[in-house]
Amino acid sequence: MRSLWKEVDLAALRHNVRMLAAQAGAARVMAVVKADAYGHGVAALLPVLREMSCFAVACMEEALALRALGLAQPVLLLEGVFAADELDVCAAEGFEPWLHDGRQLEWYRHAAAKPACWLKVDSGMHRLGFAPSEVPQAVAALQGLPCRGLATHFACADEADLSHAEAQWRVFDALPLPPGWLRTAANSAALFALPQSRADWVRPGLALYGMSPFAGRSAADLGLRPVLGLHSAVLATHFVTRGEGAGYGCGFVATEDGYLATIALGYGDGFPRAIASGTVQVRIGAAAFPLVGRVAMDMALVWLGREAVPVGSPVLVFGDGHPVEMVATQAGTIPYTLTTMLSPRVHTVVKNG
């Protein structure tokens, strides 16, 4: 089997679930598992995820995938439904769509079978949701129908300056709430940075998987443990002399004599091709070494300098001890992209199941 795999640590996931529940206080925690659990693989996480009481995904297709895996808990559809007949499926399957505009609201009001739903409020992100001035009329249209409550999403809760997030919360918090309705607002960042927004349900995504939503704070700073590690191995080594080029287009030119390692890692695996030579580091043993040249479809080059390592040596692309947040910063991206873009040919190994 090819020497590139993602290792999923269920002990770390259990730890994060407990930690986030404690952080949430009186609020309940729903597991955000859109994009196949942020690229971790929902199926691999089932031994722990089955303990969660509620899930959130982007769309119907993702919700149906959860049902195919045997999960019977409520599933929220964060983008709602895309056609009126999807409401019949929601009612049959126990999916709870977010209603974010007048069209969806009308579909819902005229549906023969009405699933539980949530009313999405645009408190300041300006992406989806009813404007605050529209909420009273929308709430009135849902009176007597099985609406769970109000939902919103923060645009800037991960920023050092929380003024925008605080303003969003004030808008949301000021909305009248019918008796029995609930509220959900806090994502991973708000769960830590904006405790007043925890309300009734919190929706951690990134934090659930042991990644920090904050640029200046590590997952360890938040008491979280990484669930996913991306591992490779050295396929070959070459000694090159100063001035020699390597890789496509000779994208790397040695500035001194030294060793190059070839590892199994490419854009065919979902690793970004556009990274600049020498910026992203991988870990081999106790040392970090830069990826150099152009990332190819199946392979990448690592500059070892004077260090010679044996073929077959394990390589940690990111994971425990070499955080994905750090690698993402080096790559000029965010950790979400490095995990969600991993392709199906990167096989999964589960530990601590």
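Residues numbered from 1 in each chain as written. Predicted model: local features only at pLDDT ≥ 70, side-chain atom pairs only at ≥ 80, totals over all residues. Heavy atoms only, no water.

Looking at an unreviewed UniProt entry, the protein chain carries the name Alanine racemase, with the source organism given as Cardiobacterium valvarum. Within the UniProt record for the protein chain, the comment given under Sequence similarities (unreviewed entry) is "Belongs to the alanine racemase family." (UniProt positions renumbered as here; feature names shortened; annotations may be inferred.)

A. Expanded view of the packing of helix α1 (residues 10–24) against helix α3 (residues 42–49). Relative to each other, α1 and α3 sit at 55°, their axes nearing to 9 Å. In this view, α1 runs oblique relative to α3, as classed from their interaxial angle. Both α1 and α3 take part in a crossing whose hand is right-handed. Residues Leu 10, Leu 13, Arg 14 and Val 17 of α1 form the contact with α3, whose participating residues are Ala 44, Leu 45, Pro 47, Val 48 and Leu 49. Counted by class, the contact of α1 with α3 contains eight nonpolar, no polar and one charged residues. (Axes fitted to C-alpha atoms, helices over the stretch in contact; angles between N-to-C directions. Helix = DSSP H or I, 4+ residues; strand = E, 2+ residues; numbered from the N terminus. Parallel < 35°, antiparallel > 145°, perpendicular 65-115°, else oblique. Left-handed = near helix turned anticlockwise from the far one by under 90°. Contact = heavy atoms within 4.5 Å. Nonpolar A, V, L, I, M, F, W, Y, C, P; charged D, E, K, R; others polar.)

B. Representation of the domain arrangement of the protein chain within the structure. We note that the domain assignment places domain 1 (10–210) and domain 2 (228–351) within the protein chain. Listed by partner, the interface residues are nine residues for domain 1 and nine residues for domain 2. Between domain 1 and domain 2, roughly 730 Å² of surface is buried when both sides are summed, and carbon and sulfur atoms account for 66% of that area. Interface area lost by domain 1 to domain 2 is led by Tyr 38, His 40 and Leu 206, which between them contribute 54%. (Domains from an automatic or database assignment. Buried area = accessible area lost by both parts, 1.4 Å probe.)

C. Seen up close, unusual backbone geometry. Within the chain, Asp 36 stands out as a residue other than glycine whose phi angle is a positive 55°. Within the element layout of this structure, Asp 36 appears in helix α2 (residues 34–38). Relative accessible area serves as the criterion here: at 42%, Asp 36 is assigned to the partly exposed category. Even without being glycine, Ala 199 reaches a positive phi, approximately 50°. In this structure, Ala 199 sits in the loop between α9 (188–193) and β10 (201–202). Of the residues examined, Ala 199 reaches a relative accessible area of 28% and is grouped as partly exposed. (Buried < 20%, exposed > 50% of the residue type's maximum accessible area, 1.4 Å probe, protein only.)

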